[in-house]
Amino acid sequence: MHRIFVLISSLALFLSLASCGQEQVKLLLGGSGWNKVVIIDKSTKQVEWEYPLEEGWECNSVACTPEGNILFSYRKGAKVVTKDHQEVWNIPAPEGCEMQTARVLPDGNILLAWTGHPAVIMEVDKTGKELRRTEYETGIEHPHAQFRQVNKNAAGNYLIPLMGGKNVCEVSPEGKLIRSVEFDGNYFTVLHDEGNEYWVACGDRHTLLKVDMQNGKVIQRFGENDIPQIRLFFVAGLCKSENDGLYVCNWQGHDKTAKEMNTPQLFEIDNSGHVLWELNDNMRFGMISDVCIMK
């Protein structure tokens, strides 16, 4: 009888610890057309923190800084704010340009990018001080059609997924085009997986790709209806999950019937495309175009 009690107690403790571990996962969410940036508890899907955005701010990048502050882009600029809503810094984009990228780099510095002629990529430190600036002409006339999320690769070059083009450009810090790789999409972001492999969010192509960025080979493809119980709309922000899976933002702003389709605004899949978790609640959440795990 004592052994049974010990076994039951151990099982209860294990389940309690597992539950606590899951509850500790917090997700930072933002989206173009949504009037706030929020932090949610993954297990309960409850909003635990929010920061209001003004109409038309079009937030397409959110990130958590090493100090625990919140970084986001808002079309007219990029901000860092504390959890008690105090502004740390605010870097505006020039008139006629759009700040679409705000990313935290592995070294703790911040990558910003705005569209325009030329487009500008900046690296700044935690205080907002400019460390490096790169100018690049995308060849796309309308700034809004140029790009959303620029990322930096291990070689120190910038990956620019062109929305109005058909290619992902690798550009050096000096603004030199290293390579241009073409896939099927008007791209939102590219996310490194391993080696030369990257996940590519293909926007209004309703497609998610895993590709080899060196040779342009498509390794894995998920089309509009290839993930069970999920319909892909505008495939936007991507983030590696704590379960070695992938969070996918399924932005629904370009389809008026999307809310009737009962498909998630955000979901997590494993490498085979099996759904591990989803967020499907249009009453409490707006259109989600980026996600970040809170550290």
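Residues numbered from 1 in each chain as written. Predicted model: local features only at pLDDT ≥ 70, side-chain atom pairs only at ≥ 80, totals over all residues. Heavy atoms only, no water.

## Some points on the overall build of the protein
(1) Moving on: Counting secondary structure elements, the protein contains one helix and 24 strands.
(2) Moving on: Radius of gyration (C-alpha) of the protein: 20 Å, near the 19 Å computed for a compact globule of 295 residues.
(3) Moving on: For the protein, the C-alpha atoms occupy an extent of roughly 75 × 45 × 40 Å along the three principal directions.
(4) Moving on: Accessible surface for the protein amounts to roughly 14000 Å². Of this, 50% is attributable to carbon and sulfur atoms.
(5) Moving on: Within the protein, one finds 29 positive and 39 negative side-chain charges whose respective centroids are separated by 2 Å. (Helix = DSSP H or I, 4+ residues; strand = E, 2+ residues; numbered from the N terminus. Rg over C-alpha atoms; globule rule 2.2 N^0.38 Å. Areas by Shrake-Rupley, 256 points an atom, 1.4 Å probe, with all protein chains shown as cover. Lys, Arg positive; Asp, Glu negative; His and termini not counted. Charge placed at Lys NZ, Arg CZ, Asp CG, Glu CD.)

## Some words on the nonpolar core
(1) Moving on: Residues Leu27, Leu29, Leu208, Tyr247 and Leu266 are the most contacted members of the largest nonpolar core, which totals 35 residues.
(2) Moving on: At the level of secondary structure, the elements contributing two or more residues to this core comprise β1 (26–30), β2 (36–41), β17 (197–201), β20 (234–240), β21 (246–251), β22 (266–269), β23 (275–279) and β24 (290–293). (Core = buried A, V, L, I, M, F, W, Y, C linked by side-chain atoms within 4.5 Å. Buried < 20%, exposed > 50% of the residue type's maximum accessible area, 1.4 Å probe, protein only.)

## With respect to the sheet that holds β23
(1) Moving on: Within the open sheet, the four strands sit side by side as β20-β21-β22-β23. Their pairing is antiparallel. Bordering the open sheet on either side are β20 and β23, each of which pairs with just one other strand. In this sheet, adjacent strand axes meet at a mean angle of 20 degrees when their direction is disregarded.
(2) Moving on: Judged from the five bridges that link them, β20 and β21 form a sheet pairing that is antiparallel. (Pairing = 2+ DSSP bridges. Axes fitted to C-alpha atoms, helices over the stretch in contact; angles between N-to-C directions.)

## Here we look at the layout of surface pockets
Any space left empty among the atoms is revealed by the rolling of a water-sized probe across them.
(1) Moving on: Reported here for the largest pocket is a volume of approximately 980 Å³.
(2) Moving on: What lines the largest pocket is a set of 34 residues, among which Arg103, Val104, Pro106, Asn151 and Leu191 lie closest to the centre.
(3) Moving on: Counting only elements with at least two residues in the lining of the largest pocket, the list comes to β4 (62–64), β8 (98–104), β12 (151–152), β16 (189–194), β20 and β24.
(4) Moving on: Of the residues assigned to the lining of the largest pocket, the class counts are 20 nonpolar, seven polar and seven charged. (1 Å grid on protein atoms, 1.4 Å probe; cavity = no way out; pocket = protein on both sides within 12 Å on 5 of 7 lines; lining within 4 Å. Points joined across faces, edges and corners; volume = space filled by probe spheres on them. Nonpolar A, V, L, I, M, F, W, Y, C, P; charged D, E, K, R; others polar.)

## Quick word on the sheet that holds strand β6 (residues 77–81)
(1) Moving on: Spatially, the four strands line up as an open sheet ordered β4-β5-β6-β7, and their pairing is antiparallel. The outermost strands of the open sheet, each flanked by one partner alone, are β4 and β7 (87–92). The mean angle between the axes of side-by-side strands here comes to 10 degrees, regardless of whether they run parallel or antiparallel.
(2) Moving on: Where β4 meets strand β5 (residues 70–73), three bridges bridge the pair, whose relative direction is antiparallel. In the sheet register, Val62 faces β5, and the bridge partner there is Phe72.

## Remarks on the pattern of salt bridges
(1) Moving on: One pass over the full model with this rule turns up 18 salt bridges.
(2) Moving on: Across the salt bridge formed by Glu87 and Lys79, the nearest N and O atoms sit 3.3 Å from each other.
(3) Moving on: Given the relative accessible area of 9%, Lys79 is considered buried.
(4) Moving on: The salt bridge partner of Arg133 is Glu130, with a shortest N-O separation of 3.1 Å.
(5) Moving on: For Arg133, a relative accessible area of 39% corresponds to the partly exposed category. (Salt bridge = Lys/Arg side-chain N within 4 Å of Asp/Glu carboxyl O.)

## Some thoughts on the pairing of strand β13 (residues 158–161)
The side chains of a regular strand alternate, residue by residue, between the two faces of the sheet.
(1) Moving on: Covered by surrounding structure in β13 are Tyr158 and Ile160 together with Leu159 and Pro161, the residues of both alternating faces.
(2) Moving on: Taken together, the two bridges between β12 and β13 define a ladder with antiparallel strand orientation. Residue pairing across strands places Asn151 opposite Leu159, the latter belonging to β13.
(3) Moving on: Here β12 folds back onto β13, and the loop between the two strands holds five residues, one of which, Gly156, carries a positive phi near 90 degrees.
(4) Moving on: As paired strands, β13 and strand β14 (residues 167–171) are joined by four bridges and run antiparallel to one another. The residue of β14 that forms the bridge with Ile160 is Cys169.
(5) Moving on: Here β13 folds back onto β14 in antiparallel fashion, the turn holding five residues.

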